[in-house]
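Chain by chain, the residues run as shown.
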Amino acid sequence: MSQGNVEQLIQDGDRLIEEITEADEKNRYDLHQKLHRVIENIRMQGQTFPRRFHDLDVEMLDEEIEDGFDNMPV
């Protein structure tokens, strides 16, 4: 994949970040999955991805894990 394609992936990731910040809880999960795929596609090209992608990915993963605990029976 060319550098131009990686740049497009970064633009896609930035757009997803904007959508995530405005999304409701249900849509945030789907958008997070798309952001994670963007990160993986950039990584598979041997390129580094912006720290902001990583930070949001980890933050949302933590939220998803906590949501799983909130739904566990006691």
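Everything below is about the structure shown above.
Residues numbered from 1 in each chain as written. Predicted model: local features only at pLDDT ≥ 70, side-chain atom pairs only at ≥ 80, totals over all residues. Heavy atoms only, no water.

A. Main features of the pattern of salt bridges. Tallying each qualifying case throughout the model produces five salt bridges. Here Arg52 makes a salt bridge to Asp14, at a shortest N to O gap of 2.7 Å. Of this pair, Arg52 sits in helix H3 (residues 51-70) while Asp14 is found in helix H1 (residues 3-22), placing the two residues 38 residues apart along the sequence. The closest approach of N and O atoms between Arg15 and Glu19, which form a salt bridge, is 2.7 Å. Of this pair, Arg15 and Glu19 both sit in helix H1, separated by four residues, roughly a single helical turn. By relative accessible area, which is 41% here, Arg15 ends up partly exposed. Overall, Glu19 belongs to the partly exposed group, its relative accessible area being 31%. (Salt bridge = Lys/Arg side-chain N within 4 Å of Asp/Glu carboxyl O. Helix = DSSP H or I, 4+ residues; strand = E, 2+ residues; numbered from the N terminus. Buried < 20%, exposed > 50% of the residue type's maximum accessible area, 1.4 Å probe, protein only.)

B. Structural context of a nonpolar patch on the surface. A cluster of nonpolar side chains, Leu61, Ile65 and Phe69, forms an exposed patch at the surface whose accessible area comes to about 290 Å². Within the secondary structure, Phe69 sits in helix H3. For Phe69, a relative accessible area of 52% translates into the label exposed. (Patch = residues over 30% accessible without salt bridge, like charges linked within 9 Å, V, L, I, M, F, W, Y side chains within 5 Å. Areas by Shrake-Rupley, 256 points an atom, 1.4 Å probe, with all protein chains shown as cover.)

C. Examining the side chain of His32 more closely. Summarising the element assignment, His32 is placed in helix H2 (residues 25-44). Overall, the relative accessible area of 3% leaves His32 in the buried class. Side chain to side chain, His32 and Asp57 meet in a polar contact 2.6 Å long. Within the structure, the side chain of His32 is placed 2.7 Å from the side chain of Glu64, a separation counted as a polar contact. If near-sequence neighbours (up to four positions away) are discounted, His32 is found in contact with Ile20, Asp57, Met60, Leu61 and Glu64. (Polar contact = N/O pair within 3.5 Å; in protein donor to acceptor, adjacent residues only side chain to side chain. Contact = heavy atoms within 4.5 Å.)

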